[in-house]
Amino acid sequence: MKNIYFISDLHLGARTFKNPRENEKRVVRFLDSIKENARAIYLMGDILDYWYEYKTVVPRGFTRFFGKIAELTDRGIEIHWFIGNHDIWIFDYLPSELGVIVHKTPKIVIIEGKQFFLAHGDGLGETSRSFRLIRSIFHNRICQKLFSAIHPRWTVSFAHRWSSHSRLTASDDHEYNGENDEYLVNFAKQYLSKDSSINFFIFGHRHIMLDLMLSRTSRILILGDWIHHYSYAVFDGENMILCQFENL
Ligand SMILES: [Mn+2]
């Protein structure tokens with residue numbers, strides 16, 4: 001069987017990248033390097049640092065990345081895109097233009113007889129009240145309609161400021177302090193105590209690389225990011241490996 005790949009938190013378009021073009025090209029090199037061996041690719045959220053689709057207009061940028069994604073889906077590679085907390089506002093343009101399958105909620109899928117719990121990771125486990133409130137506003141259809149009615153001249157720069165602010169405050173937090181302090185690990189353990197059938201929990205969001213055994217038949221993988229780690233997970237039907245892209 002061909003491989004299944006998992007990758008998250010590319011944050012393409014983030015204003016903090018010193019060389020955004022080089023950064024985008026690196027992602028394209030990675031996608032090129034796996035395309036012969038890939039059956040499916042799961043983009044696990046925060047792929048774009050900010051994206052907002054209007055009915056007839058979309059943001060600038062991402063040309064090489066989008067072109068490569070379209071090439072891969074045209075070749076018949078299945079590409080799933082889980083929205084994160086930065087690329088929430090994908091509506092019908094990216095699915096129809098790029099041929100990707102968009103997921104707005106966590107999903108359980110079976111691949112080669114193994115059960116996968118897949119999610120970006122935001123909103124799972126204990127999150128603060130303020131984060132939950134903002135999340136519900138960002139996901140609310142009416143708020144989205146109102147936001148769409150404002151001219152992008154005002155919203156885009158606000159969104160980028162917001163986004164780098166939330167990335168900065170989150171980055172203090174992008175540290176692993178052991179499994180007991182890791183809320184996605186706690187979420188997975190709690191989930192397993194009710195349903196032990198999940199073999200792999202796959203998350204992004206935390207920007208750390210973690211591969212941890214939870215039971216004899218269950219592991220959690222947190223995918224790192226493409227800001228510091230250039231990391232991804234690959235499943236060949238039997239083995240799951242968390243690794244880093246070498247051809248930087
Ligand atoms: Mn992120």
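The name given to the protein chain in an unreviewed UniProt entry is UDP-2,3-diacylglucosamine diphosphatase, with Coprobacter tertius as the source organism.

Glancing now at the overall build of the protein chain. Looking only at helices and strands, one finds seven helices and eleven strands in the protein chain. For 248 residues, the compact-globule formula gives about 18 Å, and the C-alpha radius of gyration of the protein chain, at 18 Å, lands near that figure. By residue count, 47% of the 248 residues in the protein chain fall in the buried class. Once local pairs closer than 6 in sequence are excluded, the contacts in the protein chain between residues at least 24 apart make up 66%.

Bound to the manganese ion are the protein donor atoms Asp 9 (OD), His 11 (NE2), Asp 46 (OD) and His 207 (NE2), situated 2.0 to 2.4 Å from the metal. For the manganese ion, all donor residues lie on one chain, and their spacing in sequence is D-x1-H-x34-D-x160-H. Placement of His 11 in the loop between β1 (3-7) and α1 (20-34) and of Asp 46 in the loop between β2 (38-43) and α2 (63-74) is noted, with a sequence separation of 35 residues between them. Assessed through its relative accessible area of 1%, His 11 is described here as buried.

Right, let's talk about the packing of aromatic side chains for a bit. By the definition in use, this model includes 36 aromatic pairs. Seen from their ring centres, Trp 51 and Tyr 93 are 6.4 Å apart, and the 20 degrees between their planes marks the pair as stacked. Here Tyr 93 lies in helix α3 (residues 93-98) and Trp 51 lies in the loop between β2 and α2, a separation of 42 residues in the sequence. On the accessibility criterion, Trp 51 (0% relative accessible area) is buried. What makes Tyr 93 partly exposed here is its relative accessible area of 29%. Taken together, a centroid distance of 6.5 Å and an interplanar angle of 35 degrees make the contact between Phe 158 and Trp 162 tilted.

Next up on the list: the pairing of strand β3 (residues 78-82). Moving residue by residue along a regular strand, the side chains alternate between the two faces of the sheet. For β3, the buried fraction is high: four of the five residues fall into the buried class. Two elements, β2 and β3, share four bridges in a ladder whose sense is parallel. Along β3, the bridge assignment pairs Leu 43 with Trp 81. Two strands pair when backbone bridges link them, and β3 and strand β4 (residues 101-103) are joined in this way by three bridges, in the parallel orientation. If you follow Trp 81 over to β4, its bridge partner there is Val 102.

Right, let's get into the pairing of strand β6 (residues 114-119). Pairing geometry for strand β5 (residues 107-111) and β6, over five bridges, is antiparallel. Looking across to β6, one finds that Ile 108 is bridged to Phe 117. Linking two consecutive strands that pair antiparallel, namely β5 and β6, is a turn of two residues; a positive phi of about 50 degrees is found at Glu 112 within it. Pairing between β6 and strand β7 (residues 200-203): four bridges, direction parallel. Each bridged residue has a counterpart across the sheet, and for Leu 118 the counterpart in β7 is Ile 202.

The next point concerns the packing of α1 against α2. Two elements in contact, α1 and α2, have axes whose closest approach is 9 Å; the angle formed by their N-to-C orientations is 15 degrees. Regarding the angle of α1 to α2, the classification is roughly parallel. As α1 packs across α2, the resulting crossing turns out to be left-handed. Across the interface between the two elements, Arg 21, Glu 24, Lys 25, Val 27, Val 28, Leu 31 and Asp 32 of α1 pack against Thr 63, Arg 64, Phe 65, Lys 68, Ile 69 and Leu 72 of α2. Along the lines of polarity and charge, the residues of the contact of α1 with α2 split into six nonpolar, one polar and six charged.

Our focus in this paragraph is the environment of Asp 211. For Asp 211, the location among the structural elements is in strand β8 (residues 209-215). With relative accessibility at 36%, the residue Asp 211 sits in the partly exposed group. Along the sequence, Asp 211 and Ile 241 sit 30 residues apart, while their C-alpha atoms lie 8.5 Å from each other. Residues within four places of Asp 211 in sequence aside, it is in contact with Arg 219, Ile 220, Leu 221 and Leu 242. There is a polar contact of 2.9 Å between the side chain of Asp 211 and the side chain of Arg 219.

Reading the values: the criteria
Residues numbered from 1 in each chain as written. Predicted model: local features only at pLDDT ≥ 70, side-chain atom pairs only at ≥ 80, totals over all residues. Heavy atoms only, no water. Helix = DSSP H or I, 4+ residues; strand = E, 2+ residues; numbered from the N terminus. Rg over C-alpha atoms; globule rule 2.2 N^0.38 Å. Buried < 20%, exposed > 50% of the residue type's maximum accessible area, 1.4 Å probe, protein only. Contact = heavy atoms within 4.5 Å. Donors = N, O, S within 2.8 Å, 3.2 Å for Na, K, Ca; no water. Phe/Tyr/Trp six-rings, centres within 6.5 Å; stacked < 30°, edge-to-face > 60°. Pairing = 2+ DSSP bridges. Axes fitted to C-alpha atoms, helices over the stretch in contact; angles between N-to-C directions. Parallel < 35°, antiparallel > 145°, perpendicular 65-115°, else oblique. Left-handed = near helix turned anticlockwise from the far one by under 90°. Nonpolar A, V, L, I, M, F, W, Y, C, P; charged D, E, K, R; others polar. Polar contact = N/O pair within 3.5 Å; in protein donor to acceptor, adjacent residues only side chain to side chain.

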